[in-house]
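Residue-level listing of the chains:
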Amino acid sequence: MSSGPLLQVRDLKVHFPVRGGLLGRVRGAVKAVDGVGFDVVRGETLGLVGESGCGKSTLGRALLRLVEPTAGSIRFDGQELTGQSQRRLRPLRRRMQLVFQDPYASLNPRMTVREILGEPFAIHGLARERGEREREVSALVDAMGLPREALERYPHEFSGGQRQRIGIARAIALRPDLVVADEPISALDVSIQAQIVNLLVDLQRERGLTYVFIAHDLKIVEYVSTRVAVMYLGRIVELAPAAELYRRPRHPYTQALLSSVPVPDPGRARTRLLVPGEPPSPLNPPSGCAFHPRCPHVMERCRRESPPLYPLGGGHTAACFLVEGDSREVTAAPASGGDAGVLAQPPSPG
Amino acid sequence: MTAAVQRPDAERPLLDVRGLTAELSLEEGPVRAVDGVSFSVPPGGTLGVVGESGCGKSLTALSVLGLAPNPPVRVVGGEVLFQGRDLLKLPEAELRRLRGHHAAMVFQEPMTSLNPVFTVGEQIAEGVRLHLGASRAKARERAVEMLRQVGIPAPEERVDAYPHQLSGGMRQRVMIAMALACDPALLIADEPTTALDVTIQAQILDLLKRLQAERGMAVMLITHDLGVVAESCDTVVVMYAGRVVERAPVRELFSRPAHPYTAGLLRSIPSLQVATGEGGAASQRRLRAIPGMVPSLRRLPSGCAFRDRCDRALEICARVVPPLEPKRDGQLAACHNPVPVP
Ligand SMILES: Nc1ncnc2c1ncn2[C@@H]1O[C@H](COP(=O)(O)OP(=O)(O)OP(=O)(O)O)[C@@H](O)[C@H]1O
Ligand SMILES: Nc1ncnc2c1ncn2[C@@H]1O[C@H](COP(=O)(O)OP(=O)(O)OP(=O)(O)O)[C@@H](O)[C@H]1O
Ligand code: SF4
Ligand code: SF4
Ligand SMILES: [Mg+2]
Ligand SMILES: [Mg+2]
């Protein structure tokens, strides 16, 4: 393994053609991911948050080349992933894994849990000896808080949360370097969430795992993440160390998102300030800053120009004209110290 | 849509489940996955069902509407009274008619219940045509309207999308749209907001509240999200290993849980305030999980099923199954040594 970031993403785009009419002609595109750039440092957890439909799952899948990027570059441990044949990617597959958002759809209904968890070892010719594979597989179900008898059962025999844990177990089976976890715990009750999160944190500490952690639960994301990226309509609008982002969110969207966190207290009336307005359609995105129709601070300029990600020092970047001035101060000052691989990559306009 | 609201006197529950018991047949023999579960939901009311993964929430919901897969699940006892009729005794054909129309279900995993070869619009419209006798055009209009109500951007375009072209949260909302399209009197929603961010979640909860206020729709809401419970439920049922271990009005449940399991559940909620300000990632802190794991239904401990994880266990807990009984005002718990009022 070379040094440097484990994952380097540059100007990544994933566009899905929209067809319509009788002939099924391409009428336009859903720009699910539209010019995203960031690094993921070894051993860190990068949290990825944003509204439903903003492109989190598509980005997560593109990172592992499970969906074909339209443009851009992804380097995993120094090796370019885009443009490679699936065969050439195969040796890397073992080192990068995905926990799917929809566990049921991703588990083969005709295989028992033992087979599901044993399969990755078989595919990659690992733990060939029977006893050894058996030990590995048993350790996995133990770690997930599932009984050993689960090994003999089929996916449909489990509850939703149990299936989700089987998906996680499969992803970590081969001790990958990178795990992209797409809403890995949102189907679980709080107590088991806690158990799984603790386990993921332990695995990270023991094996130096790196996570990209996609979730809509901002509390959990803060808890697990080293840094957090906020997505809006296919782009990253803010990225910062977790504590910094939660304490000093700079983008109006992030601010609205954070003030929307519900409090589990039935006595209290809802005080949340929800993000106002309608989520935009990726089929017909707003001009300029995509957040402008919903932004309380919108300026004339925001309707025309798309703001780049401005560096704000300490690894904090935000794509909003309001922080442009602060950014100038920061960049004018001499090197602002170790930016943990964050780059202020401006998304290329439209 | 049928505007005539059939609202029986508010006292009478719309759904009254009594002693529902369902067995799972496993190789080793039958086990009780749902064991004597009772609750009721009045018109316009919301019942929350919470409990650890695998405790039988989905099987309870599925059994209520006769949807549990048989085999291996078989309802062996109890009554499910809905609009005065026992659904457990209803012929399958009648049950099917009732399900698409008066009682609707949102399933836990959208991809298992959406058909990949039809557009989401076709799937929503199908029920509308079948149950409300709407024309093709009207049904499509209704589908667009429902997609708009659940907050899907550009519904006129999305109505023609196939399930795989939508994001996880959108698919979940399509399920909700489908369930609500025929104006059901009862909605059973199994984890309907797991894939949704707080803003959209709030929009969905508001939509449900409006339908409840306007039309007296009753809701049974299965969720592990205690924030959602706090915000939208009147009464909460807490399940553990197939049984109801606590049933209480929502305020009491949060302010003075009686069952040790409920208390443990409330302690596991991570709070933003606590986490903020401590700086940085989680590495030094740990979330508080309830120790141990849910027992296997095949090997339930004698007496109270929670006892090997309970810090209040007494000697009697190993011998006698605690019955669900009133502990204090409006609050029932199945526990020999309930948590005292703080
Ligand atoms: N078809 C089946 N065959 C065998 N066992 C099953 C089947 N369906 C469910 N079970 C078992 O019955 C128990 C209850 O399952 P259920 O799906 O009701 O749980 P749940 O409370 O909804 O959990 P979750 O919160 O994870 O969705 C679980 O232990 C599960 O493994
Ligand atoms: N195969 C596809 N074909 C066409 N459009 C697609 C496809 N997959 C995703 N999309 C669209 O891309 C956008 C982003 O979807 P994605 O699943 O990445 O969102 P997400 O952020 O993961 O949302 P959620 O939180 O709801 O899971 C959505 O508008 C979705 O409809
Ligand atoms: S660039 Fe303008 S519209 Fe966009 S978030 Fe900043 S102030 Fe609001
Ligand atoms: S009955 Fe006993 S073991 Fe069970 S929850 Fe109450 S105190 Fe604990
Ligand atoms: Mg997603
Ligand atoms: Mg369930």
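It should be noted that the structure appears before, not after, this text.
Residues numbered from 1 in each chain as written. Chains lettered and ligands numbered in written order. Predicted model: local features only at pLDDT ≥ 70, side-chain atom pairs only at ≥ 80, totals over all residues. Heavy atoms only, no water.

J.: Provide a residue-level description of the state of the cysteines, including the pertinent values.
T.: All names here are of chain B. The final tally for this structure, using the stated rule, is 0 disulfides over all chains. In this structure Cys-55 is not part of a disulfide, and its nearest cysteine sulfur, from Cys-304, lies 14 Å away. On the basis of relative accessibility, which here comes to 1%, the residue Cys-55 falls in the buried class. (Disulfide = S-S within 2.5 Å. Buried < 20%, exposed > 50% of the residue type's maximum accessible area, 1.4 Å probe, protein only.)

J.: Describe the coordination of the magnesium ion (ligand 5), listing the residues and the values that go with them.
T.: Ideal geometry at a metal centre: 109.5 degrees between donors when four sit tetrahedrally, and 90 or 180 degrees when six sit octahedrally. Donor atoms from the polypeptide that bind the magnesium ion (ligand 5) are Ser-57 of chain A (OG) and Gln-101 of chain A (OE1), placed at 2.0 to 2.3 Å. Here Gln-101 of chain A lies in the loop between strand S6 (96–99) and helix H3 (103–106) and Ser-57 of chain A lies in helix H1 (residues 56–63), a separation of 44 residues in the sequence. (Donors = N, O, S within 2.8 Å, 3.2 Å for Na, K, Ca; no water. Helix = DSSP H or I, 4+ residues; strand = E, 2+ residues; numbered from the N terminus.)

J.: For the layout of surface pockets, give the residues involved together with the corresponding values.
T.: Estimates place the volume of the second largest pocket at around 1,200 Å³. Taken together, 48 residues line the second largest pocket, and the ones lying closest to its centre are Phe-16 of chain A together with His-164, Gln-165, Leu-166 and Ser-167 of chain B. Listing elements by their share of the lining of the second largest pocket, those giving two or more residues are strand S1 (7–20), strand S2 (25–40), H1 and H3 of chain A together with helix H6 (155–158) and helix H7 (168–180) of chain B. At 5 residues, S1 of chain A tops the list of elements feeding residues into the lining of the second largest pocket. Split by residue class, the lining of the second largest pocket holds 18 nonpolar, 16 polar and 14 charged. (1 Å grid on protein atoms, 1.4 Å probe; cavity = no way out; pocket = protein on both sides within 12 Å on 5 of 7 lines; lining within 4 Å. Points joined across faces, edges and corners; volume = space filled by probe spheres on them. Nonpolar A, V, L, I, M, F, W, Y, C, P; charged D, E, K, R; others polar.)

J.: Mind laying out the nonpolar core, listing which residues take part and the relevant values?
T.: Ranked by internal contacts, the top residues of the largest apolar core, which has 67 residues, are Met-144, Ile-196, Phe-213 and Tyr-253 of chain A. Contact partners of Ile-196 of chain A, with chain neighbours within four places excluded, come to Met-144, Arg-165, Ile-168, Ile-185 and Leu-188 of chain A. Within the second largest apolar cluster, 63 residues are counted, among which are Ala-143, Val-174, Ile-204 and Val-238 of chain B. (Core = buried A, V, L, I, M, F, W, Y, C linked by side-chain atoms within 4.5 Å. Contact = heavy atoms within 4.5 Å.)

J.: Let's hear about the site of ligand 4: which residues, and what values?
T.: Of all residues adjacent to ligand 4, which total 13 residues, the nearest are Cys-304, Cys-310, Cys-317, Cys-335 and His-336 of chain B. Looking at the shell around ligand 4 residue by residue, the class counts come to 8 nonpolar, 3 polar and 2 charged. (Near = heavy atom within 4 Å.)

J.: Help me get a handle on the pairing of strand S2 (residues 29–41) of chain B, residues and values and all.
T.: Residues and elements named next belong to chain B. As judged from the 9 bridges shared by strand S1 (residues 15–26) and S2, these two strands associate in the antiparallel manner. Directly across from Leu-26, in S2, lies its bridge partner Gly-29. What sits between the antiparallel neighbours S1 and S2 is a turn of 2 residues. (Pairing = 2+ DSSP bridges.)

J.: Before we move on, could you go through the sheet that holds S1 of chain B and cite the residues and values that matter?
T.: Residue and element names in this part refer to chain B. The strand order across the open sheet formed by 4 strands is S2-S1-S4-S5, and the pairing between neighbours is antiparallel. Looking at which strands have only one partner, the edges of the open sheet turn out to be S2 and strand S5 (85–86). Against the sheet, helix H1 (residues 57–64) contacts S1, S2 and strand S4 (73–82), and its axis sits at roughly 115° relative to S1. (Axes fitted to C-alpha atoms, helices over the stretch in contact; angles between N-to-C directions.)

J.: Let's hear about the packing of helix H4 (residues 113–123) of chain A against helix H5 (residues 130–143) of chain A: which residues, and what values?
T.: All names here are of chain A. Between H4 and H5, the shortest axis-to-axis distance is 10 Å and the interhelical angle comes to 125°. What the angle tells us is that H4 and H5 run oblique. The chirality of how H4 crosses H5 is right-handed. Within the contact between the two elements, H4 uses Val-113, Arg-114, Leu-117, Gly-118, Phe-121 and Ala-122 and H5 uses Arg-133, Glu-134, Glu-136, Val-137, Leu-140 and Val-141. (Parallel < 35°, antiparallel > 145°, perpendicular 65-115°, else oblique. Left-handed = near helix turned anticlockwise from the far one by under 90°.)

Taken by themselves, the reported measurements are silent on function.
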